[in-house]
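# Summary of the model geometry
Each chain, letter by letter, is given below.
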Amino acid sequence: RRPRSKKRRPTFRRLLKTSGVKLENKLKNRQLKQQNVAKKQRKEQKRLRQAVKGAVGETPRPLETYRKRPEEEEEEEEFLESLPTDMMEQEDLQQMTAMARQASFITRDLSSCGPVHGGKKRKSDVARSYEKVPRKMARTEEKEVIHLLPIKDKTGVIPQSVERVVAKQPEEEEQGEEQEEEPDDVDAEAEPPSCQEMTPAQRERLRNQKLNERKLTIAGLASAIVSDPIGSIKRVKELRGMLMEADPSVAVTVRKLVMVSLMEVFKDIAPTYRIRPLTSAEKTAKVKKETQVLREFEEGLVSQYKFYLEDLEQTVKDWKQKKKKRSQAVALQAYGGLAEVAVRCLCELLVALPHFNFHNNVVVVLAPLMNDSTKKVSGMCCDAFRKLFQQDRAGGASLATVRVISGLVKMLNMMSFPVSFAHLINLEFFDDLLNVLQDLIQAGDLSNKETLHCIQTVFTILSGQGDVLNIDPLNFYSQLYKLLPRLHAGAPNDDAIIVLRCLDAMLTRRRKQVTLQRAMAFVKRLSTISLHVMPNASVGILAANRATMHSFPKCDFLLDNEIQGSGFYLPKLDEPEHCNAQNTALWELHTLQRHYHPVVRRFAVHLSQGAPSEGSAALSAELSRRSSVELFDDYSIKDMTFNPPVASRSLKKKGHFVVGATLLDAELQRRIERALTAAEDTQLDFTAAHTHKSTQH
């Protein structure tokens, strides 16, 4: 009885898994074996082909040469001399000699593939020897060799072939004759005309043709990369190489298209994790084929992404430094457009790939551009960082961004530095800091915007840790009150938004430290200013007045014509505490109710009714819940359009007054007719009046 095997039978899952691996290995081994066999066959055919070429033109030579010993040569000569030569005829001697030559393997020709001793070899050897004969024979340029079926005889297999003469086509012969007869004309026609010789229409047509070719190339490469990122990662380098387009006619457009295409490609193929570099141990360790392919893809992706970001950064640097390249492919005037596209791509990658590699590098490049003089560039950067802060849930990207911006602000030493860092200032320095800011304002060397920044800094400090200090910044209230009349429709609207922020910090948040006279003075002056600014600034100012009236309910005195106290209003006095604002009224609201902007009219009606929270005069939830700064941004006219659109008024013709036709009171009508009749009948005599006056003197 056979002993039972100690090995455990594998489970079905293990067998299934093992069989799959074995089948895959067998397939790979079979493919490698077929490749090796094909390679050996090609080498053998090459050697046989060379041997046949050399053997055709040479005389047969023995493969080996055997030299006989002198003793054997003497014995053979004696034997031949002893033979009776007269018994053999000449024909028999020649036949035997031929047979000896044929039977000798030493003198056999290499070109003959027939076996000498056929009885000792199998028939398969004959077929094998025929297979070793090269299929393609040497041929001349004019002849073509056609291989036929071989013939087998006593000597072996004899290959058969027929030569066919290749006849030239008449068109080729004519072209050849033309090329021989007129070579100069053909060369002249093959050369395209230079751009200087072409007309503008031809140059534009040629440029469009080149541009379409480049677009097809870009689209093909991008589609191939997106469809198979792992297998086509090398094509990213090819697409990135088109950033160096050297044709001046299409260089700018092609580079812009490549920048945007690569940006979309990286947004699509980048993984949702950060790729870290491999350690030395991980590089030397053996891994699966799939893991190795993934590692190569990640390494290539990070490398190409890094080079792409460097190209974008260099484009921005060239634009800022006005540095022209040696290639002369892009004019200096076109650097601005290329830089804007590069900044746009960086902003898109900042928001779309906050988790991916080199995100901090993108932040470092874009942070200084938020303060750029070009509004389009600075606007794109600010919007990108705003979106990043809103979308970042983990907080890592926001933290890195805040650190970069903090270092940038410290480096620039901006005037508003104590504000967007007021909580970091020691309380011991508050008095000195306020005195320095007050001296700067009173010196009169600052612009309106810088003065407003100083005032905003003061109240931002006091709204934080400064609450514990007993400081009344009356001078800063007076400075802001004095600056308000400088706002108008011709001035930049950037100053208005700073004023709104100051009002929120000075009146709304510090309402317990502000007197009623001061609050009413600001409400009155702001109402006057709202008549002279842009509609979005008017909406923001009226919203600030609404917040002030809610914080100080007794401001409704300004809605009454009665005088509250002695004195009269002094509108030109720049001291809000002593201008007697309680003795005036907000007559500006009646004018604003006929404003061309519908939101301004709505706010004017709302304030004239005492800013109620309910009723027909109350504001909608959309307007009442938004701050003055938010309303200023919502109704901005930076795009030269009104929000909402302003309806055009229809022109009305003035009616002519017809005497006696429009009066309804009969008694009034009779008096008017009597007065008009008396005026017509009376003749005025100025000389009589002059004579009477002279006699009196």
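On a predicted model such as this, the values are computed, not experimentally measured, just so you know.

Here we take up the overall build of the chain. When helices and strands are tallied, the chain shows 27 helices and two strands. Per-residue burial over the chain gives 29% buried out of 697 residues. Carbon and sulfur atoms provide 52% of the accessible area of the chain, an area that totals close to 49,500 Å².

Further remarks concern the packing of aromatic side chains. Per the counting criterion, the structure on display carries seven aromatic pairs. On the numbers, 5.1 Å between centres and 65° between planes, the contact of phenylalanine 266 with tyrosine 305 is edge-to-face. Highlighted residues: phenylalanine 266 in helix H9 (residues 251–269) and tyrosine 305 in helix H11 (residues 289–321), separated in sequence by 39 residues. When its relative accessible area of 1% is taken as the criterion, phenylalanine 266 is described as buried. Classification of tyrosine 305 by relative accessible area gives buried; the value is 2%. A ring pair is formed by tyrosine 481 and phenylalanine 522, whose centres lie 5.4 Å apart and whose planes are at 75°; its orientation type is edge-to-face. Of this pair, tyrosine 481 sits in helix H18 (residues 474–483) while phenylalanine 522 sits in helix H20 (residues 516–529), and the two are 41 residues apart along the sequence. An identical accessibility class is assigned to tyrosine 481 and phenylalanine 522; each is buried. Through a chain of ring-to-ring contacts, the aromatic side chains of Phe266, Tyr305, Tyr308, Phe356 and Phe358 assemble into a single cluster. In this structure, lysine 320 is placed above the aromatic ring of tryptophan 319, and the distance from its NZ or CZ to the ring centre is 4.9 Å. Looking at arginine 525, its charged tip hangs above the ring of tyrosine 481, at a distance of 3.8 Å from the centre.

Here we take up H11. The end-to-end C-alpha separation of H11 is 48 Å, in line with the 48 Å expected for 33 residues at 1.5 Å each. Positive phi appears at lysine 322, one or two residues downstream of H11, with a value of about 55°.

Turning next to the nonpolar core. Among soluble globular proteins, nonpolar side chains are generally buried collectively. Counting residues in each nonpolar core, the largest one holds 63 residues, and the members touching the most others are Ile455, Phe459, Leu480, Leu503, Phe522 and Phe603. It is helix H19 (residues 494–508) that provides the largest number of residues to this core, a total of 10 residues. Leu211, Val250, Ala384 and Phe385 belong to the second-largest nonpolar core, a separate cluster that totals 60 residues.

Below, the discussion takes up the side chain of glutamine 304. Position of glutamine 304 among the secondary structure elements: in helix H11. In this structure the side chain of glutamine 304 is engaged in a polar contact, spanning 3.0 Å, whose partner is the side chain of arginine 240. Ignoring sequence-local partners within four residues, the contact set of glutamine 304 consists of Val236, Lys237, Arg240 and Phe266.

Moving on, we come to the confidence of the model for the chain. Looking at the chain, pLDDT values average 77 and 70% of them are 70 or higher. The low-confidence segment residues 103–121, where pLDDT is below 50, has 22 contacts with residues more than four positions distant or belonging to other chains. Below pLDDT 50 for its whole length, residues 414–418 participates in 10 contacts with residues either more than four positions away or in separate chains.

On to the packing of helix H12 (residues 335–352) against helix H13 (residues 359–366). One can describe the packing of H12 onto H13 by two numbers: an axis separation of 10 Å at closest approach and a directional angle of 135°. The orientation of H12 with respect to H13, classified from their angle, is oblique. Note on packing geometry: the crossing formed by H12 with H13 is left-handed. In this structure, H12 contributes Val343, Leu346, Cys347 and Leu350 to the contact, and H13 contributes His359, Val362, Val363, Val365 and Leu366. Residue composition of the contact of H12 with H13, grouped by class: eight nonpolar, one polar and no charged.

With that out of the way, let us pick up the environment of isoleucine 441. Mapped onto the secondary structure, isoleucine 441 falls in helix H16 (residues 430–443). Here isoleucine 441 falls in the buried class, since its relative accessible area comes to 8%. The spatial distance from the C-alpha of isoleucine 441 to the C-alpha of isoleucine 455 is 8.7 Å, given a sequence separation of 14 residues. If near-sequence neighbours (up to four positions away) are discounted, isoleucine 441 is found in contact with Leu446, Thr451, Cys454, Ile455, Phe476 and Gln479.

Right, let's get into the pattern of salt bridges. Taken as a whole and assessed by the stated rule, the structure comprises 17 salt bridges. Residues glutamate 348 and lysine 267 are paired through a salt bridge, measuring 3.5 Å at the closest nitrogen-oxygen approach. Of this pair, glutamate 348 sits in helix H12 while lysine 267 sits in helix H9, and the two are 81 residues apart along the sequence. Look at glutamate 348 and you get partly exposed, because its relative accessible area is 34%.

Running from N to C, helix H17 (residues 448–462) and H19 point in directions that differ by 20°, and their axes come no closer than 10 Å. Here H17 is positioned roughly parallel relative to H19, judged by the angle of their axes. Remark: the crossing between H17 and H19 carries left-handed chirality. The residues of H19 that touch H17, namely those facing Asn448, Lys449, Leu452, His453, Ile455, Gln456 and Phe459, are Asp494, Asp495, Ile498, Val499, Arg501, Cys502, Ala505 and Met506. Of the residues in the contact of H17 with H19, the class split is eight nonpolar, three polar and four charged.

Time to look at a nonpolar patch on the surface. Taken together, the side chains of Ile230, Tyr273, Val293 and Leu294 present a nonpolar region at the surface, about 310 Å² in accessible area. Relative to the helices and strands, valine 293 resides in helix H11. By relative accessible area, which is 35% here, valine 293 ends up partly exposed.

Along the polypeptide, histidine 595 turns up in the loop between helix H22 (588–592) and helix H23 (598–608). Residue histidine 595 is classed as buried on the basis of its relative accessible area, which comes to 13%. In this structure, histidine 595 is in contact with Pro535, Val600 and Arg601, ignoring residues within four places of it in sequence.

Counting through the fold element by element, leucine 262 comes out in helix H9. Taking the C-alpha atoms as reference, leucine 262 lies 7.7 Å from leucine 239; in sequence the two are 23 residues apart. Leave out the neighbours within four places in its chain, and leucine 262 touches Val236, Leu239, Arg240, Leu243 and Tyr308.

On to unusual backbone geometry, then. Here phenylalanine 358, not a glycine, exhibits a phi torsion of approximately 65°, which is positive. When you line up the elements, phenylalanine 358 lands in the loop between H12 and H13. One non-glycine residue with positive phi stands out, namely alanine 611, at about 55°. Given the relative accessible area of 6%, alanine 611 is considered buried.

A cluster of basic side chains, namely Lys22, Lys26, Arg30 and Lys33, defines a positive patch on the protein surface. Along the chain, lysine 22 turns up in helix H1 (residues 12–56). The exposure class of lysine 22 is exposed, given its relative accessible area of 51%.

Reading the values: rules and limits
Residues numbered from 1 in each chain as written. Predicted model: local features only at pLDDT ≥ 70, side-chain atom pairs only at ≥ 80, totals over all residues. Heavy atoms only, no water. Helix = DSSP H or I, 4+ residues; strand = E, 2+ residues; numbered from the N terminus. Buried < 20%, exposed > 50% of the residue type's maximum accessible area, 1.4 Å probe, protein only. Areas by Shrake-Rupley, 256 points an atom, 1.4 Å probe, with all protein chains shown as cover. Phe/Tyr/Trp six-rings, centres within 6.5 Å; stacked < 30°, edge-to-face > 60°. Lys NZ or Arg CZ within 6 Å of the ring centre and 35° of its normal. Expected span 1.5 Å × (residues − 1). Core = buried A, V, L, I, M, F, W, Y, C linked by side-chain atoms within 4.5 Å. Polar contact = N/O pair within 3.5 Å; in protein donor to acceptor, adjacent residues only side chain to side chain. Contact = heavy atoms within 4.5 Å. pLDDT = per-residue confidence, 0-100. Axes fitted to C-alpha atoms, helices over the stretch in contact; angles between N-to-C directions. Parallel < 35°, antiparallel > 145°, perpendicular 65-115°, else oblique. Left-handed = near helix turned anticlockwise from the far one by under 90°. Nonpolar A, V, L, I, M, F, W, Y, C, P; charged D, E, K, R; others polar. Salt bridge = Lys/Arg side-chain N within 4 Å of Asp/Glu carboxyl O. Patch = residues over 30% accessible without salt bridge, like charges linked within 9 Å, V, L, I, M, F, W, Y side chains within 5 Å. Lys, Arg positive; Asp, Glu negative; His and termini not counted. Charge placed at Lys NZ, Arg CZ, Asp CG, Glu CD.

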